[in-house]
Structure formats: C-alpha cells, structure tokens
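The lines below spell out each chain.
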Amino acid sequence: HELTLSLGDGLRPGCIDDASDRAKYMEFIMLGELVDRARRAGVQVMVEGPGHVPADEIETSVKAMKYVTDGAPLYLLGPIVTDIAPGYDHITAAIGGVIAGMNGADFLCATTPSEHLDLPTKEDIFEGTIVTRIAAHSADLAKPGIKDRARLWDRKMAVARMDLDWPAQFDQAINPDLARQIRHRRGVEVDTCTMCNELCAIRLAKEAMEREEEKAKKKEKSEKRT
Ligand code: SF4
C-alpha cells in the first residue's frame, strides 16, 4: 500500500498577529527535520502550513517552508488574510491561497463560509470547494510550467464571450448552474448580457466589422463590373 505522512503544524497561527512569530518559524525548522527523517526511512511525506497570514507575509512564509523541507509538497488551508470576516472566510482564504499558490504552495484545502462559526453544511462545502478551486486555478494562471495549460481554459471562455456564445460560456464556467441562473433570472432574452445590453461593446464591434465586410464586398463587386 502507498502511504504518505502528513505533518501538521501544532503551532499554526490562530490569528493574523501570530502569523510569523518565533514559535511558528521554529516549527518550520522542526518540520524540515521530520521531513528529512521520514525520507531517510523511505516514507513519503507532505507538510501543512499556517492558516492565518497577512498578505505581505505569505511569500516569505511559503518560501521558508519550501526551503526548510527541501521542497516537500506543501498544503494550506487558506491562509486567510484577515480575521474580521466570519461568514466570508472562503473568500479571505482564497485571497491568501492565490498568493501562496503563486509562491510555491502545492495544494489548497477548501475553506467554507462557516469556518470559525459552525460545522459546514453540504451547501457550505460546495461553496467553499468552488471558491478554493477558483483560487487554485488563479494561482496556476501565474505559475511557470503550469500557466500555459491553465490559460487554455480562460482562452476558451474569452472566445465564447467574444462570440456571445452562451452555451459555450456556461460549459466553461466553473459553476455552470449558477452562471445560467443569474443569466436568466430577469427573464430577459437578449443575445448580450444585461450589463450594457444595447451598448454591448462586443455586439457593437461585431456589427461594425460586419458592416465593413459588407462594404468591402460591395466595392469589390462594383470594381469587377467596371
Ligand atoms: S453587455 Fe457589456 S458586459 Fe455584457 S457582454 Fe456586452 S460588453 Fe460585456
């Protein structure tokens, strides 16, 4: 059987003020020693990192952990970037997750809106998972070696938007049901969205290009006749 030891962090910060204290950085060093010991014994290992870190300390924290653990796979819950948003901690975690992911975190745990408040419901877990996937994908878009593959998805969405191709936009959406529901909630059937509607820049540009093509064709025809 395959087995991976997951080394958690007992001194993980419980608030922004604790994020980069002496105890936490001492523990990074100990985790590095434990990773080394596990590897010498032929046991594969991954490492958990802190959960509350202000945005400007995330890069240092992630890079320090990767350095002292000799690149062991690192997973994080968040880190959340502020303590003042109970009910929105899937979002505070996603903000930190993007920065952590860009700087070397390998795996983001899902954080739900009920973090610090209550056991999550099924809906909370769904919401938290989607938002964490958005954070992970946003980090992938900026990561050397991964970004070219990650950007293909966004490219498909961009093309679908340019074409005002709604089925394709829903297919590419991370949560197609939610996108479809918002699109149709006013019951208005137009080919653009209702943000700019008749002034939709995409539609106006498309119509302008079609007019230009039409003019060019007419000109070509009349030149052939003369
Ligand atoms: S209506 Fe505005 S927001 Fe909507 S697709 Fe067109 S340009 Fe974009």
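Since this is a predicted model, take the numbers as computed values, not measurements.

Caption draft 1: How the structure looks around the site of the ligand. Every residue lining the ligand is accounted for by Cys193, Met195, Cys196, Asn197, Cys200, Ala201 and Ile202. Here the ligand is seated within the largest pocket. Of the residues contributing to the shell around the ligand, the split by class is 6 nonpolar, 1 polar and no charged.

Caption draft 2: Just the pattern of salt bridges, in detail. Under the definition given, this model contains 13 salt bridges. In this structure, the salt-bridge partner of Glu27 is Lys24, at a minimum N-O distance of 2.8 Å. Of this pair, Glu27 and Lys24 both sit in helix H1 (residues 22–40), 3 residues apart, which is roughly one turn of that helix. Summarising the burial analysis for this pair, Glu27 and Lys24 share the class buried. Residue Glu220 is joined to Lys224 by a salt bridge in which the shortest nitrogen-to-oxygen separation is 3.7 Å. Separated by 4 residues within a single helix, Glu220 and Lys224 lie in helix H8 (residues 201–225), roughly one turn from each other.

Caption draft 3: Expanded view of the packing of aromatic side chains. Inspection of the entire model under this criterion finds 3 aromatic pairs. Note that Arg183 overlies the ring of Trp166, its terminal NZ or CZ placed 3.6 Å from the centroid.

Caption draft 4: Region of the structure containing helix H2 (residues 55–68). With 14 residues, H2 should cover 20 Å at 1.5 Å per step; its first-to-last C-alpha distance of 21 Å lies within 8% of that length. Restricting attention to buried positions, one finds in H2 the residues Ile58, Ser61, Val62, Ala64, Met65 and Lys66. Where the residues of H2 are buried, they touch H1, strand S2 (44–48), strand S3 (74–77) and helix H3 (89–102). At the C-terminal side of H2, Asp70 shows a positive phi close to 50°.

Caption draft 5: Fine view of the packing of helix H4 (residues 122–140) against helix H5 (residues 147–162). It is at 8 Å that the axes of H4 and H5 come closest, and there the two elements cross at 120°. When the axes of H4 and H5 are compared, the pair comes out oblique. Across from Arg133, His137 and Asp140 in H4, the residues of H5 making contact are Lys147, Ala150, Trp153 and Asp154. When its residues are assigned to classes, the contact of H4 with H5 shows 2 nonpolar, 1 polar and 4 charged.

Caption draft 6: Quick peek at the pairing of S2. Where strand S1 (residues 4–7) and S2 come together, 4 bridges link them in parallel fashion. Looking across to S2, one finds that Leu5 is bridged to Val45. Chirality of the crossover, the property in question, places the unit of S1, H1 and S2 among those that are right-handed. Handedness of the S2-H2-S3 crossover: right-handed.

Caption draft 7: Expanded view of unusual backbone geometry. For the bond from Gly78 to Pro79, the omega torsion is 5°, close enough to zero to count as cis. Positionally, Pro79 belongs in the loop between S3 and H3. Phi angles above zero are rare outside glycine, and Leu164 is one such case at about 50°. Relative to the helices and strands, Leu164 resides in the loop between H5 and helix H6 (166–172). For Leu164, a relative accessible area of 14% corresponds to the buried category. Positive phi, close to 50°, is recorded for Asn197, a residue that is not glycine.

Conventions and cut-offs
The numbering scheme is per chain: residues are counted from 1 as the chain's sequence reads. Confidence filtering applies because this is a predicted model: local features only for residues at pLDDT of at least 70, side-chain atom pairs given and counted only at 80 or more, and all residues used for totals across whole chains, interfaces and linings. The basis for every side-chain value is the complete set of non-hydrogen atoms in the structure, without hydrogens or water. A cutoff of 4 Å decides nearness: a residue is near a molecule or strand if any of its heavy atoms lies inside that distance of it. Cavities and pockets are defined on a 1 Å grid built over the protein atoms alone: a cavity is a set of grid points where a 1.4 Å probe fits but cannot escape, while a pocket is an open set with protein on both sides within 12 Å along at least five of seven lines, and lining residues are those with an atom within 4 Å of any such point. The way we define it, a molecule is inside a pocket or cavity when more than half of its atoms are within 2 Å of that pocket's grid points. Residue type decides the class: Asp, Glu, Lys and Arg count as charged, Ala, Val, Leu, Ile, Met, Phe, Trp, Tyr, Cys and Pro as nonpolar, and the leftover types, Gly among them, as polar. The salt bridge definition used is simple: a Lys or Arg side-chain nitrogen within 4 Å of an Asp or Glu carboxyl oxygen. Put simply, DSSP marks the helices as runs of H or I at least four residues long and the strands as runs of E at least two long, and each gets a number from the N terminus on. Partly exposed residues are those whose accessible area sits between 20% and 50% of the maximum for their type, while under 20% is buried and over 50% is exposed, using a 1.4 Å probe and protein chains only. Stacked, tilted and edge-to-face are the three classes applied to pairs of Phe, Tyr and Trp rings, where Trp contributes its six-membered ring and a pair requires centres within 6.5 Å; stacked means planes under 30 degrees apart, edge-to-face means over 60, and tilted covers the rest. We call a charge positioned above a ring when the Lys NZ or Arg CZ atom is no farther than 6 Å from the ring centre and deviates by at most 35 degrees from the ring normal. Here the expected length of a helix is defined as 1.5 Å per residue gap, with one fewer gap than residues. When checking whether two residues touch, look at their non-hydrogen atoms; a contact exists if any pair is within 4.5 Å. Helix axes are fitted to C-alpha atoms over the stretch in contact, other axes to C-alpha atoms as well, and angles between N-to-C directions run from 0 to 180 degrees. Relative orientations are named as follows: roughly parallel for angles under 35 degrees, roughly antiparallel for angles over 145 degrees, roughly perpendicular for angles from 65 to 115 degrees, and oblique for any other angle. A pair of strands counts as paired when DSSP detects no fewer than two bridges linking them. Orient the strands so they point away from the viewer; a crossover is then right-handed if the path from the first strand over the helix to the second runs clockwise.

Structural measurements only, silent on function.
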